[in-house]
Every structure is written in structure tokens, then in C-alpha cells.
Amino acid sequence: MKNITYKEIAKDLGKTEGTIKNWKKNHPILLEYVKTGAFCKKNNITIEMIKTCIELKEMAKDKEDSTE
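Residues numbered from 1 in each chain as written. Predicted model: local features only at pLDDT ≥ 70, side-chain atom pairs only at ≥ 80, totals over all residues. Heavy atoms only, no water.

Q: I'd like a rundown of the state of the cysteines, residues and numbers included.
A: Across all of its chains, the model carries zero disulfides by this definition. A disulfide-free cysteine, C40 has its sulfur positioned 9.5 Å from the sulfur of C53, the nearest such atom. We classify C40 as buried; its relative accessible area is 13%. (Disulfide = S-S within 2.5 Å. Buried < 20%, exposed > 50% of the residue type's maximum accessible area, 1.4 Å probe, protein only.)

This is the structure we're talking about:
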């Protein structure tokens, strides 16, 4: 699994690294969205893969709840 850096995000978006770092204070939700998307892209994780993970998590929780 590969982490994403502010430098990589800045390069991909045509911004400076400082601009991306400023988002932490000025636009934290935007930065979180961008970081999540960039992480997924760098690791070749598609939306369909994320949906499958969510479905598996829900199935595991349902199974856990039914055994209690």
C-alpha cells in the first residue's frame, strides 16, 4: 500500500505544496476528500472495490449481530 504526499497531490492538481497544506486549515473537508481520492488512485482502488468492501463489512456486522 502506497501513501500519498502533499507534494504528489500538488503536482497532480497543478498547485503548490504550500497551497495543499493550507487546505488543512482553510478547507479541511476538501483536503480529506482529495487525500482519499488521491490515495485510492495511487493504489488503483476503484469505487466498485470500495463498494465491495463496504458490502463485506456490512455482511460481517450482520453475521456478528445474529450470533449475539
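Q: Go over unusual backbone geometry, please, and point to the residues and values.
A: In this structure, N44 is a non-glycine residue whose phi angle is positive, near 55°. With respect to the element layout, N44 can be found in the loop between α3 (28-42) and α4 (47-66). (Helix = DSSP H or I, 4+ residues; strand = E, 2+ residues; numbered from the N terminus.)

Q: Go over the pattern of salt bridges, please, and point to the residues and values.
A: As enumerated under the stated definition, the model contains four salt bridges in all. Note that K42 is salt-bridged to E8, the shortest N-O span being 2.6 Å. Here E8 lies in helix α1 (residues 6-13) and K42 lies in helix α3, a separation of 34 residues in the sequence. The exposure class of E8 is partly exposed, given its relative accessible area of 28%. We note a salt bridge from K21 to E17, for which the minimum N-O separation is 3.5 Å. Of this pair, K21 and E17 are both found in helix α2 (residues 17-26), four residues apart, which corresponds to roughly one turn of the helix. Residue class for K21 comes out partly exposed when judged on its relative accessible area of 43%. (Salt bridge = Lys/Arg side-chain N within 4 Å of Asp/Glu carboxyl O.)

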